[in-house]
Amino acid sequence: MGKIVLHLDRMMTERKISLGELAEKVGISNVNLSKIKNNKVTAIRFSTLAAICEVLKCDAGDILEYVEDGFES
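Residues numbered from 1 in each chain as written. Predicted model: local features only at pLDDT ≥ 70, side-chain atom pairs only at ≥ 80, totals over all residues. Heavy atoms only, no water.

## Things to note about the overall build of the chain
Along its length, the chain carries five helices and two strands. If you list the helices and strands of the chain from N to C, you get β-α-α-α-α-α-β. Taking 73 residues into account, the globule formula puts the C-alpha radius of gyration at 11 Å, and the chain, at 12 Å, falls close to it. Principal axes of the C-alpha set define a box for the chain whose edges measure 35 × 20 × 20 Å. The buried share of the chain, taken over its 73 residues, is 30%. As displayed, the chain offers around 5,100 Å² of accessible surface, 51% of which is attributable to carbon and sulfur atoms. Mean positive and mean negative side-chain charge positions of the chain (10 and 11 charges, respectively) differ by 6 Å. (Helix = DSSP H or I, 4+ residues; strand = E, 2+ residues; numbered from the N terminus. Rg over C-alpha atoms; globule rule 2.2 N^0.38 Å. Buried < 20%, exposed > 50% of the residue type's maximum accessible area, 1.4 Å probe, protein only. Areas by Shrake-Rupley, 256 points an atom, 1.4 Å probe, with all protein chains shown as cover. Lys, Arg positive; Asp, Glu negative; His and termini not counted. Charge placed at Lys NZ, Arg CZ, Asp CG, Glu CD.)

## Digging into the side chain of His-7
Its place among the elements puts His-7 in the loop between β1 (3–6) and α1 (8–15). Among the residues examined, His-7 registers a relative accessible area of 8% and is labelled buried.

## Some points on the nonpolar core
Ranked by size, the top nonpolar core spans 17 residues in total, and within it Leu-8, Leu-22, Leu-33, Ile-52, Leu-56, Cys-58 and Ile-63 carry the most contacts. Listed by contribution, the elements that provide at least two residues to this core are α1, α2 (19–26), α3 (30–37) and α4 (46–56). In this view, Leu-33 contacts Leu-8, Leu-19, Leu-22, Ala-23, Ile-28 and Ile-52; residues no more than four positions away in its chain are not counted. (Core = buried A, V, L, I, M, F, W, Y, C linked by side-chain atoms within 4.5 Å. Contact = heavy atoms within 4.5 Å.)

## Brief notes about α1
Looking only at α1, the buried set comprises Leu-8, Met-11 and Met-12. When α1 is viewed along its axis, its buried side chains cluster within an angular range of 100° and face the same direction. Structurally, α1 contributes buried residues whose contacts are with β1, α2, α3, α4 and α5 (60–63). Phi turns positive, to about 55°, at Lys-16, one or two residues after α1. (Arc of directions from axis to C-beta.)

Right under this line is the structure:
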């Protein structure tokens, strides 16, 4: 079975926003946002994903990617 890979770090770089600034605007802790950014989570609330997309002005598909086993982009 494949997995979902988060590309939050890439989007943050494109938008030139720091972890601390994004965490503050989204309303979550730096630690939790860091876990999301570094793919250390197994789940993410839709409300958190929506808030991240709102702040970064992007779609969920810009952050989330399905990757088959054995492949990594």
